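Residue-level listing of the chains:
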Amino acid sequence: MTAGSGKSIADAVQWATQSLEGGESPAVDARVLVCHVMDCQQSYLYTWPEKLLSDAQFSALAELVAKRQQGYPVAYLVGKRGFWDLELNCNPSTLIPRPETELLVETALALPLAETANVCDLGTGTGAIALALASEQPGWTVTGVDRIPQAIELAKSNAALNGLAGLNWLESHWFSALHPDQHFDLIVTNPPYVESTSPYLHEGDVRFEPHSALTAGEDGLDDIRLIIAQSPAYLSNGGWLLIEHGYTQHQAINALLREHGFTQCRGVKDLNGLDRITMGQWTA
């Protein structure tokens, strides 16, 4: 099959799916890539399966399929990813938002916080968590911080893309640039938590994502230790700290929270019954 062969949408999807066989999700990836080159929604693929791709569209599709065959993440190829009810721009300066992180948003929204709560998203990346919280609680004051300048610019662009104004964005390595008098009712974070020697780093999409946003020492807890130790200085009385982490790390994180004076410490399980979030409350 060659570019300019007058193939239909149905043919293009079938070709891309077959070309990506052996990958993580060939049929899903194929549809996303075809939609991208045709600048359409997926419903269009089913409504107009006989629609022909232009020479330029098929050539672009062939290039994207070739890169996907090499392992490049689809979110980086098309430059966007859905999260919560948002569409987010993505680029290689940040991690790709993952559906599992929506559990962190759900957990935060279930907390008994005031309608005017002050919230901080540590390591905001694309801004996914901060923007999802702001979209559901417009009365909250939400601050997203990240040490990567490109991430802050990306988060700002995603706020504009989704029509969400009024968030605060700050370049900061965790708490380093926050004012000492600044206090939050909730600090939420999806920090690096992968062990530096983990074989996971050599699999799938993460091969192309910034490892500095993934790894945190031999046990994956270096950044989490720092966050737990420093959070009390920035939490209001009764404020909460929510941490997303690896499925084997709950007990260690729970112990760290208790060691630093947090109470109401508990884990939140994902759909597979694994603890993926650990939370604690700070009482001054």
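Refer to the structure above for everything that follows.
Structure report, in brief.

The rules behind the values
- Residues numbered from 1 in each chain as written.
- Predicted model: local features only at pLDDT ≥ 70, side-chain atom pairs only at ≥ 80, totals over all residues.
- Heavy atoms only, no water.
- Helix = DSSP H or I, 4+ residues; strand = E, 2+ residues; numbered from the N terminus.
- Buried < 20%, exposed > 50% of the residue type's maximum accessible area, 1.4 Å probe, protein only.
- Contact = heavy atoms within 4.5 Å.
- Areas by Shrake-Rupley, 256 points an atom, 1.4 Å probe, with all protein chains shown as cover.
- Core = buried A, V, L, I, M, F, W, Y, C linked by side-chain atoms within 4.5 Å.
- Axes fitted to C-alpha atoms, helices over the stretch in contact; angles between N-to-C directions.
- Parallel < 35°, antiparallel > 145°, perpendicular 65-115°, else oblique.
- Left-handed = near helix turned anticlockwise from the far one by under 90°.
- Pairing = 2+ DSSP bridges.
- Polar contact = N/O pair within 3.5 Å; in protein donor to acceptor, adjacent residues only side chain to side chain.
- Phe/Tyr/Trp six-rings, centres within 6.5 Å; stacked < 30°, edge-to-face > 60°.

Quick notes on the overall build of the protein
So, step 1. For the protein, the count of helices and strands is 10 helices and 9 strands.
So, step 2. Evaluated residue by residue, the protein yields a buried proportion of 48% over its 284 residues.
So, step 3. For the protein, the proportion of contacts with a sequence separation of at least 24, taken over those separated by at least 6, is 65%.
So, step 4. With an accessible surface of roughly 13300 Å², the protein has 49% of that area assigned to carbon and sulfur atoms.

Observations regarding the nonpolar core
So, step 1. In terms of nonpolar packing, the biggest core is built from 33 residues, with Leu131, Leu133, Leu167, Trp169, Leu186 and Leu242 touching the most fellow members.
So, step 2. Listing elements by their share of this core, those giving two or more residues are strand 2 (86-89), helix 6 (102-109), helix 7 (128-136), helix 8 (149-161), strand 6 (184-189), strand 7 (235-244) and strand 9 (275-282).
So, step 3. Per-element tally for this core: the top contributor is helix 7, with 7 residues.
So, step 4. Apart from residues no more than four positions distant in its own chain, Trp169 is found in contact with Thr124, Gly127, Ala130, Leu131, Gly144, Ile152, Ala155, Lys156 and Ala159.

Focus on the environment of Gly239
So, step 1. By secondary structure assignment, the location of Gly239 is in strand 7.
So, step 2. Residue class for Gly239 comes out buried when judged on its relative accessible area of 1%.
So, step 3. Between the C-alpha atoms of Gly239 and Trp282, which are 43 residues apart in sequence, the distance is 5.4 Å.
So, step 4. Not counting residues up to four positions away in its chain, the partners in contact with Gly239 are Phe184, Asp185, Gly280, Gln281 and Trp282.

What about the packing of helix 1 (residues 9-19) against helix 2 (residues 26-38)?
So, step 1. Between helix 1 and helix 2, the shortest axis-to-axis distance is 8 Å and the interhelical angle comes to 135 degrees. Between helix 1 and helix 2, the interaxial angle falls into the category oblique. Two packed elements cross with a definite hand, and for helix 1 against helix 2 that hand is right-handed. The segment helix 1 lies against helix 2, with Ile9, Ala12, Val13, Ala16 and Thr17 engaging Pro26, Ala27, Ala30, Arg31, Val34 and Met38.

Details of the pairing of strand 3 (residues 118-122)
So, step 1. In terms of residue burial, strand 3 counts as a mostly covered element, since 5 of its 5 residues are buried.
So, step 2. Taking every second residue as pointing to the same face, both faces of strand 3 are buried, with Asn118, Cys120 and Leu122 on one and Val119 and Asp121 on the other.
So, step 3. Where strand 3 lies against strand 4 (residues 141-146), 5 bridges are found, and the strand directions are parallel. The partner of Val119 across the bridge, within strand 4, is Val142.

A few points about the environment of Asp146
So, step 1. Inspection of the secondary structure assignment puts Asp146 in strand 4.
So, step 2. Looking at Asp146, the relative accessible area reads 10%, which means it is buried.
So, step 3. As a C-alpha pair, Asp146 and Thr126 span 20 residues in sequence and 9.6 Å in three-dimensional space.
So, step 4. When sequence neighbours within four positions are dropped, the list of residues in contact with Asp146 reads Gly123, Thr124, Gly125, Ala151, Ile152, Leu170, Glu171 and Ser172.

Describing the sheet that holds strand 8 (residues 263-269)
So, step 1. Pairing is mixed across the open sheet formed by 7 strands, whose spatial order is 5-4-3-6-7-9-8. Every interior strand has two partners, whereas the edge strands, strand 5 (168-171) and strand 8, have only one. Neighbour-to-neighbour, the strand axes of this sheet turn through a mean angle of 15 degrees, independent of strand direction.
So, step 2. Two elements, strand 8 and strand 9, share 5 bridges in a ladder whose sense is antiparallel. Within the sheet, the bridge partner assigned to Thr263 lies in strand 9 and is Gln281.
So, step 3. In this fold helix 6 packs onto strand 6, strand 7, strand 8 and strand 9, with an angle of close to 160 degrees to the strand it touches most, strand 7.

So, the side chain of Thr124
So, step 1. Examined against the element boundaries, Thr124 turns out to sit in the loop between strand 3 and helix 7.
So, step 2. There is a polar contact of 2.7 Å between the side chain of Thr124 and the side chain of Asp121.
So, step 3. Look past the residues within four positions of Thr124 in its chain and what remains in contact with it is Ala130, Gly144, Val145, Asp146, Ile152, Ala155 and Trp169.

So, the packing of aromatic side chains
So, step 1. Taken as a whole and assessed by the stated rule, the structure comprises 4 aromatic pairs.
So, step 2. Ring centres 4.7 Å apart and planes at 10 degrees place the aromatic pair Phe175 and Tyr234 in the stacked group. In this pair, Phe175 sits in the loop between strand 5 and strand 6 while Tyr234 sits in the loop between helix 9 (222-230) and strand 7, placing the two residues 59 residues apart along the sequence. In this structure, Phe175 and Tyr234 share a single accessibility class: buried.

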